[in-house]
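Observations on the three-dimensional arrangement
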Amino acid sequence: MRVSMVNDDVLRISVVKNGHKYRESPAVVVKPTVDLASGENKIGPWLVKVNEDSVHVNVDGVEVNLRFSYSNGQFTIRGNLGLADIVYGLGEKALPLNRKRFRVTMWNTDAYGYRYGSDPLYVSIPFFIVTRNHVSVGHFADSTARMVIDLGVERGDEFTVTVNDDQVDYYVIRGPRLRDVVTRFIGITGKPALMPKWALGHQQSRYSYYPQGRVLEVAKALKDMDLGNTVIYLDIHYMDGYRIFTWNSERFPNPRDMVKKLHESGIKVVTIVDPYIKVDPNYQVFKEGINGNYLTLDSDGGLTIVQGWPGKSALPDFFNREARDWWSSLIERWVRDYGVDGIWLDMNEPAAFDYPNHTVTSKVITHRLDDESRVPHDYLHNAYALYEAMATYEGLRRTGRRPFILSRAGYAGIQRYAAVWTGDNTSNWEHLKLQLQVLLGLSISGVTFIGADVGGFAKYVPGDGGSRLFTLTPELLVRWYEWAIFFPLLRNHADVASPDQEPWAFGPRALELIRDLLRLRARLTPYLYSLMWISHINGEPIVRPLVYEFPNDDEVMNIDDEFMLGPFMLVAPMLNSGTSREVYLPGGEWVNLWNGEVLKGGYHMVDAPLGKPPVFLKSGSLVPTQESEGVLGILAVPGDGEFTVYDDDGESQSPTPSTLSLRISGDRVTVGDWANPMPQLPTTVILKVYLGKEPSKVMVNGVEVPKARFSAEPGQPSWYFEGRLINIRVKVGSETIII
Ligand code: GLC
């Protein structure tokens with residue numbers, strides 16, 4: 001056992017079985033600095049007592065007692081749990097936000113048609129946060145092998161982590177606030193990647209759009225029906241016999257031309273890439289893989305063969321640098337040759353049809369590490385997708401693009417490379433709520449660019465006798481968009497046998513409602529993009545459970561049917577059929593986005609007609625919006641608040657952002673000057689401030705401004721009042737006082 005500080009806020013206890021060769025973790029981006037001696041150590045706010053097989057920590061007044069033991073190839077870590085403690089985190093789990101009194105497994109699994117309580121799912125993040133009396137401490141058991149985490153099931157006052165591995169790096173992460181733990185966890189596992197701006201667009205997918213003409217038809221419909229910035233996905237049917245990095249020449253006789261046409265109409269293209277390399281001696285990728293020794297082998301040196309989409313398939317061995325470099329070059333060639341914009345990594349648990357639960361598990365399959373050692377798959381399983389994403393990211397970077405990768409599986413750290421979606425969910429009301437719970441867990445476990453298949457993917461649930469319940473109704477689809485538009489990844493996707501579920505598939509009324517929601521989404525892009533930047537810079541989630549923002553409000557501890565978009569916007573979606581719901585608003589005042597009505601903190605019944613999800617803005621809100629081409633809006637609520645708008649060209653690789661600082665204090669709004677301005681940034685801003693009544697006058701930089709509707713030409717400051725909103729046109733670098 002080696003105990004060390006990683007930095008002032010993170011303690012690491014590394015336990016390694018005698019004689020075992022330690023493997024470096026792919027999750028962690030920092031190295032320990034100071035080793036602690038056995039006995040008592042006092043470091044800043046930490047008191048750490050190191051014994052032979054236990055470590056006692058006191059940090060921020062919280063006692064954490066950890067006991068380590070090893071037997072039969074397993075490490076067990078036991079820790080104390082207070083009876084009233086609450087537990088958050090654990091990444092992608094089909095469980096309530098509070099994960100206390102659940103036992104979960106970390107083992108990336110193909111979980112088609114999962115339900116509430118199904119476990120494990122596709123992503124494993126063995127990180128959890130224990131909150132006691134509003135003080136939070138983080139725990140991260142870093143091992144990529146199978147792990148079971150019991151949070152008070154076996155004993156109410158104890159958690160246990162059992163790891164099928166000969167090594168574990170166990171991290172204790174200091175709070176005291178929940179947000180401190182989350183951002184510090186991201187501090188050690190790496191900052192979320194900055195995605196291209198187009199990734200915030202409305203994305204349309206299905207399994208699968210083909211042939212080429214159909215793809216162009218869908219693109220045209222998206223344009224004609226004015227459904228926002230769009231991305232189209234190509235699922236597995238574009239390939240030649242599911243051979244990755246090929247096209248089916250009958251279905252796609254001219255892919256370059258198709259991609260060019262899509263680009264001309266402003267649509268980006270993302271292609272799926274599975275880890276299956278068809279065993280076919282005439283297939284170039286297979287030949288390269290064999291010749292370069294880039295493929296996964298069994299312990300006897302034979303090629304590992306699994307059943308994937310192409311039938312017998314080999315698996316790239318992403319665990320060594322040479323194989324990753326080869327994969328990067330494949331991705332680079334693919335993207336350069338055809339001009340596709342992003343890569344969708346699927347089945348990367350890895351899934352295989354000839355294994356139990358469709359998921360590879362084996363002590364016989366081995367992976368080659370950089371030092372040439374061979375390690376059985378079972379020790380590395382949960383990291384397969386992470387290494388794949390790493391190599392894919394590098395390949396995309398080589399093309400000069402800002403990478404967009406969407407991954408199904410992952411491990412702690414996946415946020416450095418990829419967005420994650422929640423896999424094969426189902427089109428029913430249960431999932432409308434469950435998906436939120438799954439996403440909020442991911443979000444506070446470091447994965448910030450996330451979304452769920454809008455409308456639901458699967459149309460029947462395994463175990464229901466395979467009956468096909470086509471349960472998607474126009475109401476459910478609209479309700480789904482109602483909250484999905486507030487998530488960074490907004491993608492409608494459906495299974496192969498699913499009836500169509502594009503926004504137009506349910507007739508004009510649903511189409512109109514969805515279009516309006518997508519317009520709201522487009523309007524919110526500056527807010528979402530700024531939040532993405534903030535998440536990239538300091539690890540803050542984009543979408544947050546209420547407890548993240550209001551850690552001292554006991555009422556919000558278990559709320560997972562509402563969420564915050566950034567610091568200001570509370571969304572309380574309709575999760576069942578009906579037209580109103582009860583909403584909890586934490587203390588203070590809130591403004592209803594739709595009608596400007598002011599509500600005090602507490603429980604309220606709120607109207608939610610179809611197309612209008614309950615959305616509230618906190619007092620002191622400053623939400624940047626896109627009002628029209630080149631016109632920046634700021635949706636504000638009187639109170640005290642600050643926000644920084646971030647912008648850049650949306651696609652270069654490591655840009656320095658242009659920033660605009662905003663402040664509101666009472667009825668006084670300060671809009672800074674752009675820092676590090678790039679060309680063509682808006683210099684006129686429309687402040688839209690929710691007010692109960694028309695003000696008597698408006699002063700900008702000390703001068704009274706005329707009351708007048710805005711002329712088309714952005715000119716001098718002026719203002720008008722309409723529907724509880726005062727609209728004030730000002731220049732950047734101004735202070736506005738509403739009297
Ligand atoms: C998996 C994916 C799904 C995809 C399908 C075909 O089920 O999760 O999104 O459409 O494979 O590629």
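See the structure shown above.
We now turn to the structure provided with this report. Nothing here was measured: the structure is a model prediction, and the numbers come from that model. (Residues numbered from 1 in each chain as written. Predicted model: local features only at pLDDT ≥ 70, side-chain atom pairs only at ≥ 80, totals over all residues. Heavy atoms only, no water.)

Our next topic: the overall build of the protein chain. Per the secondary structure count, the protein chain includes 12 helices and 49 strands. Against the compact-globule benchmark of 27 Å for 739 residues, the protein chain has a radius of gyration of 26 Å, which places it among compact chains. Summarising its shape, the C-alpha atoms of the protein chain cover approximately 80 × 70 × 50 Å along the three principal directions. Taken over 739 residues, the protein chain has a buried fraction of 63%. (Helix = DSSP H or I, 4+ residues; strand = E, 2+ residues; numbered from the N terminus. Rg over C-alpha atoms; globule rule 2.2 N^0.38 Å. Buried < 20%, exposed > 50% of the residue type's maximum accessible area, 1.4 Å probe, protein only.)

The next thing to look at is the nonpolar core. In terms of nonpolar packing, the biggest core is built from 214 residues, with Phe140, Phe404, Trp483 and Phe486 touching the most fellow members. Every residue in contact with Phe486, bar those within four places of it in the chain, is listed here: Leu520, Arg521, Leu524, Leu528, Val543, Phe563, Leu565, Met569, Val571, Pro613 and Val615. (Core = buried A, V, L, I, M, F, W, Y, C linked by side-chain atoms within 4.5 Å. Contact = heavy atoms within 4.5 Å.)

For the rest of this paragraph, the subject is the pattern of salt bridges. When their charged atoms lie close together, side chains carrying opposite charge are able to pair. Inspection of the entire model under this criterion finds 54 salt bridges. The shortest N-O distance in the salt bridge between Lys21 and Asp371 comes to 2.4 Å. With Lys21 in the loop between strand E2 (10-16) and strand E3 (34-35) and Asp371 in the loop between strand E25 (365-368) and strand E26 (374-376), this residue pair connects regions lying 350 residues apart in the sequence. Taking relative accessible area as the criterion, Asp371 reaches 43% and is therefore assigned partly exposed. Close ionic contact of Glu694 with Lys707 constitutes a salt bridge, the shortest N to O distance being 2.5 Å. With a gap of 13 residues between them, Glu694 in the loop between strand E44 (684-690) and strand E45 (698-700) and Lys707 in the loop between strand E46 (703-704) and strand E47 (718-722) connect regions that are remote in the sequence. By relative accessible area, Glu694 is classed as partly exposed at 35%. Here the salt bridges do not stand alone but share partners, grouping Arg67, Arg78, Arg155, Asp157 and Glu158 into one network. (Salt bridge = Lys/Arg side-chain N within 4 Å of Asp/Glu carboxyl O.)

Judged by which residues are buried, strand E5 (residues 46-50) turns out to be one-sided: Trp46, Val48 and Val50 face inward and are buried, whereas Leu47 and Lys49, on the alternate face, are not. The sheet contact formed by strand E4 (residues 39-43) and E5 spans 5 bridges and is antiparallel. Following the sheet pairing, Glu40 is matched in E5 by Lys49. In this antiparallel pair of consecutive strands, E4 and E5, the connection spans 2 residues, and Gly44 shows a positive phi of 50°. Sheet topology note: the E5/strand E6 (residues 54-59) ladder contains 5 bridges and is antiparallel. When the sheet's bridge partners are listed, Leu47 is paired in E6 with Asn58. The loop that links E5 with its antiparallel partner E6 comprises 3 residues. (Pairing = 2+ DSSP bridges.)

A few words on the sheet that holds strand E34 (residues 563-565). As summarised here, the arrangement of the 6 strands in space is E33-E34-E35-E38-E36-E37, forming an open sheet in which the pairing is antiparallel. Across the chains shown, the open sheet's two edge strands, defined by having one partner strand only, are strand E33 (543-544) and strand E37 (598-607). Pairing analysis gives 9 bridges linking strand E36 (residues 580-592) to E37, with the strands arranged antiparallel. Following the sheet pairing, Val591 is matched in E37 by Val598.

A word on the sheet that holds E26. A sheet is described by the order of its strands in space; here 3 strands give the open sequence E21-E25-E26, paired in antiparallel fashion. Of all strands in the sheet, those with a lone pairing partner are strand E21 (297-298) and E26, marking the two edges. Taken together, the 3 bridges between E25 and E26 define a ladder with antiparallel strand orientation. Its bridge partner lying in E26, His367 is registered against Val375.

Moving on, we come to the side chain of Lys688. Tracing the sequence through the fold places Lys688 in strand E44. One buried charge, Lys688, has no salt-bridge partner; the nearest side chain with opposite charge is Glu627, at 4.3 Å. One polar contact links Lys688 to Asn727, side chain to side chain, over a distance of 2.6 Å. Not counting residues within four places of it along the chain, the set of residues in contact with Lys688 comprises Arg523, Glu627, Ile634, Leu635, Ala636, Leu725, Ile726 and Asn727. (Lys, Arg positive; Asp, Glu negative; His and termini not counted. Polar contact = N/O pair within 3.5 Å; in protein donor to acceptor, adjacent residues only side chain to side chain.)

These figures capture arrangement, not role.
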